[in-house]
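Survey of secondary and tertiary structure
For reference, the chains in residue letters:
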Amino acid sequence: MIASIPSATLLGVEGRPVHVEVHVSNGLPGFTVVGLPDAACRESRDRVRAALISHGLPWPTKRVTVNLAPSGVRKGGPGLDLPIAVGLLIAAGEVPAAGAEGMAFLGELGLDGSLRPVPGVVPMVAAMATGTVVVPPASVPEASVLGRHRVRAAPTLGDVVACLRGDQPWPDAAVLVGAVDPAAPSVGAAAANGPEAEPADRAVVGRAVAGATGAAGAAVADAATAIADPGTAADPAATGVPDLADVRGQPVARVALEVAAAGGHHLLLCGPPGAGKTMLARRLPALLPALEGAEALEATTIHSAAGVPLPPDGLLRRPPFRAPHHGASAVALVGGGSAWMRPGEISLAHGGVLFLDELGEFPASVLDSLRQPLEEGVVRVCRARGSVSLPARFLLVAATNPCPCGGSGTGMPCRCSPAALARYRRRLSGPLLDRFDLRVVVSRPDPSTLVGGPPGEATAPVARRVAQARARARARGFRSNAEIPAPLLDRLAPLAPPAWALLEQGLRRGTLSARGLHRVRRVARTIADLAGHGEVVSEEHVCLALALRGEAGLGEVAA
Amino acid sequence: MSGPDGARAGGTVGSELPAEAFAAALAALPGVGPAGLARLLSGCDPRTAWEREARRRSPRPGLGEVAAGWSALETAGVSVSVLGRPGYPACLAADHEAPAVLFRRGGPGGLEGRRVAVVGTRRCTAYGRDVAFDLGRELAGNGVTVVSGLALGVDGAAHAGALAAGPTAGPPVAVVGSGLDVVYPRGHARLWEQVAAAGAILSEAPLGARPEPWRFPVRNRVIAALAEVVVVVESPDRGGSRHTVEAAMARDRPVMAVPGPVRSATSDLPNALLADGCHPARDALDVLVALDLAPTGPGPAPPTDPRPPPPPGEVEVLEALGWGRKSFEDLAVATGRSPAALGVALAHLERDGWVSGHGGWWERAVAR
């Protein structure tokens, strides 16, 4: 007997359809998996056997051949356990073939026959052409994100078999999701610094029950969504997102943060240890508007493919915040790896914020690898076995000390030798530094403002201004002002005469380059949008843009 | 580029090589520093000294190497003077630590006029840079040779000022720690060429010598020996300038100091020198008086400030800025202004020349 079960495997952030063909015939008993399986795939034989026996299902004492078609594509991961088991049962005649008609299967099996989630369910389900997909209960929200398939789930292989035989109806997927233990490791590859905004309370969730943003949606909605829909007002304490009100003093850094969020301008914070650079950067994602439509789906797909935990309803709407340590390798940052082209940190930050703390400590080669994705919003990872394109459009925020010892700027003398300073600056100079439209020196706040001062402006009103500024940019046809091409600046960001005079003088003196001019004009456009100013950019906005641009932000420059 | 020392050879045959070629070859031997070179060359002519030294070495250097070194010097436009031979700068010959061999790019003119060393730290403030530039420009404008080390910071600013005084001004002289074909610091490559064209660059190090740290204190004694007056612009208490000052004092050369803010660490050395009784150098006129010269050139800065006076609102920003370095944020906190309003004030002040912004930091500028 032969059976063919549709399933999928993962390459980069894309699913590839796979047909699991199982052939059972007379001969010397044995079990072979062919069709370029990786180690986890080959090992599925032992898991499938144990799962079958655990549920009292017979293990055929015949010759079994499993082919993963198309045979030329490498298959990875344990997600093919379930389709192999189902195919085997159909081929052995234990389950009627008609029961599994029009169904695709995906999931890892435990030795006790339980169904376990696998990474990459969103893209893999997207690759499936059938009307129904059967996934582990914990993967139901991810599988439902697309909304194209009927999603079935069952807690164990025994239940799946019973449903396929028609002995029992398919359980309600939404109820199953509620029963999943949120503490269980949903996937193996969870990154060390996942989104910090994981809601503590994962009650009954799921699109089937709660719709897009219902009771549980409040937990994932951020301040910007709250503006769009007052009914889902988010309590920052409940979402765990740090609030801008915690930042005392530091007026310039706050403005820079707001401008960065509103215009999509990359931001470099330069300041001594303890100046609050990291604190500021962590408050940036909450200022960004919620992800919508295609962008949310892209971000969700990437997170799913990387095995990073997703919000309970499956769709990622909060802009992600990724903060890789400076020990990260180039592959960890841009993605790749020989097996399944895992998306890197910059792709995980797609639609959100990539925060590089201690920028000067990152190896130069790693920083250089960021240049192409910064320009194009996509990173192409090429390996001998093939190449994938991973979306990577993110807001880059970097923090750095003014010098390696961190002394200068604190009132303490700097202990760095001129050579060490020059080395440090060289690493922070050049093409990457050029990409930062905003370079701000951050100082330690005055102790009196820290202890007794009034709290700063909260996230919600700032996010409202950001949302309005972004709406103005969208009305011009761009996601953000940072994307306005230079030839259109004259039309979209016309300058008042005094503003022109100021920039002209900078050009003549050589303090401003032609490229710098465009950047300043884009930032000034954003500042004017935030201020609710009309179409013409005034001198005030240009002055602030110039002041926020700084230069290298790295202390004095030698003669 | 041949100097009056006549140390130029047409032929490369051993017997026709001048004595300077052998001195240069001795200086280029591995393990021979300035002191060792002086010892080798004392009491005998360079050719004998080289032959004696060559016999002691294995593998034994040959005449071919001397000739090759000499033609390399010629190609690089470098002339060689040997202590005790014609062509050696008179102003150095009497010094008790005079370099035994001196390499030079550029003409000898700078070594014949009046000479003032302008020295200071590499990590100077905008104040030090401005003062050094003005001193260099006005001294050179009065026909005085500005001697310095071509380092970053004060040294470079003094030379840049001397060059800014125009082609008829006193030629600048630089004494460097590396070989004359090794530009250090690399950022001063252009300044290096300009100084070589307008004046001269001197070095004790043979071609190709790296700027090793020990060479700089040794170089500083040459600066002190060359100068009639040493002016310290800005330097922390311990630093390269201290070597220059000590070397100058050992030679009874007058040392002058530019007064600086008492709280500025980069003015520690000049302020300490003033407290010890050195003369202050407020401007080029003070230095010219010390040289017994009457000012003839562009003179000190005019007493009236050419800058338009800032409006009261901007004066407030200037006062908050003081004479130190402040970031935009420090200023916003100190003045209590919104970043936008402060940005406008700073842009206007910078336009009118009252402040200068560098790398996100703001400083008060002096009138130019």
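Residues numbered from 1 in each chain as written. Chains lettered and ligands numbered in written order. Predicted model: local features only at pLDDT ≥ 70, side-chain atom pairs only at ≥ 80, totals over all residues. Heavy atoms only, no water.

Attention now moves to the sheet that holds strand β4 (residues 145-148) of chain B. Residues and elements named next belong to chain B. Reading across from one edge, β1-β2-β6-β5-β4-β3-β7-β8-β9 is the order of the nine strands in this open sheet, with mixed pairing throughout. Looking at the sheet topology across the chains shown, the edges are occupied by β1 (78-82) and β9 (279-280). Bridge count between strand β8 (residues 255-257) and β9: two bridges; the pairing is parallel. What sits directly across from Met-256, in β9, is His-279. Against the sheet, helix α9 (residues 215-226) contacts β3 (115-119), β4, β5 (173-176), β6 (200-203) and β7 (229-232), and its axis sits at roughly 155° relative to β5. (Pairing = 2+ DSSP bridges. Helix = DSSP H or I, 4+ residues; strand = E, 2+ residues; numbered from the N terminus. Contact = heavy atoms within 4.5 Å. Axes fitted to C-alpha atoms, helices over the stretch in contact; angles between N-to-C directions.)

It is worth spelling out unusual backbone geometry at this point. What you tend to see is this: most non-glycine residues have negative phi, and most peptide bonds are trans. Between Ser-58 of chain B and the following residue, Pro-59 of chain B, the backbone shows a cis peptide bond with an omega angle of -5°. The peptide bond linking Tyr-184 of chain B to Pro-185 of chain B adopts the cis configuration, its omega dihedral lying at -5°. Residues other than glycine seldom take positive phi values, yet Gln-250 of chain A does so here, at roughly 50°. With respect to the helices and strands, Gln-250 of chain A occurs in the loop between α11 (236-239) and α12 (251-263). Taking relative accessible area as the criterion, Gln-250 of chain A reaches 6% and is therefore assigned buried. Its identity as a non-glycine residue notwithstanding, Glu-358 of chain A has a phi of 55°, on the positive side. Among the secondary structure elements, Glu-358 of chain A is positioned in the loop between β14 (353-356) and α17 (364-368). (Buried < 20%, exposed > 50% of the residue type's maximum accessible area, 1.4 Å probe, protein only.)

On to the sheet that holds strand β12 (residues 361-364) of chain B, then. Paired through their backbone hydrogen bonds, the strands of a sheet run either parallel or antiparallel. Residues and elements named next belong to chain B. Across the sheet, which stays open at both edges, the three strands sit in the order β10-β12-β11 with antiparallel pairing between neighbours. A strand with exactly one partner marks an edge of an open sheet, and here the two such strands are β10 (326-327) and β11 (355-358). Pairing analysis gives four bridges linking β11 to β12, with the strands arranged antiparallel. When the bridges of β12 are listed, Gly-357 appears paired with Trp-362. Along the sheet face, helix α13 (residues 312-321) touches β10, β11 and β12 and points at about 100° away from the line of β12. Contacts from helix α15 (residues 339-351) reach β11 and β12, with the element oriented near 110° to β11.

What follows deals with the side chain of Arg-521 of chain A. All names here are of chain A. Take Arg-521: it is sitting in helix α25 (residues 514-530). A distance of 3.4 Å separates a polar atom in the side chain of Arg-521 from the backbone oxygen of Leu-489. With residues near it in sequence (within four places) discarded, Arg-521 still touches Leu-489, Asp-490, Ala-493, Pro-494, Leu-495, Trp-500 and Leu-503. (Polar contact = N/O pair within 3.5 Å; in protein donor to acceptor, adjacent residues only side chain to side chain.)

Below, the discussion takes up the confidence of the model for chain A. All names here are of chain A. Across chain A, the average pLDDT comes to 81, with 84% of residues at 70 or higher. Low pLDDT (under 50) marks residues 181-238, which in the prediction has 83 contacts with non-local residues, meaning those over four places away or in another chain. Contacts from residues 552-559, a stretch scored under 50 in pLDDT, to residues over four places away or in other chains number 32 contacts. (pLDDT = per-residue confidence, 0-100.)

Scanning all chains against the criterion turns up 36 salt bridges over all chains. Residues Glu-375 of chain A and Arg-435 of chain A are paired through a salt bridge, measuring 3.1 Å at the closest nitrogen-oxygen approach. One end of the pair, Glu-375 of chain A, is in helix α18 (residues 371-376); the other, Arg-435 of chain A, is in the loop between α20 (431-434) and β18 (438-441), and 60 residues separate them in sequence. Looking at Arg-435 of chain A, the relative accessible area reads 14%, which means it is buried. In this structure, the salt-bridge partner of Glu-246 of chain B is Arg-242 of chain B, at a minimum N-O distance of 3.3 Å. Taken as a pair, Glu-246 of chain B and Arg-242 of chain B lie in helix α10 (residues 240-250) at a separation of four residues, close to a single helical turn. (Salt bridge = Lys/Arg side-chain N within 4 Å of Asp/Glu carboxyl O.)

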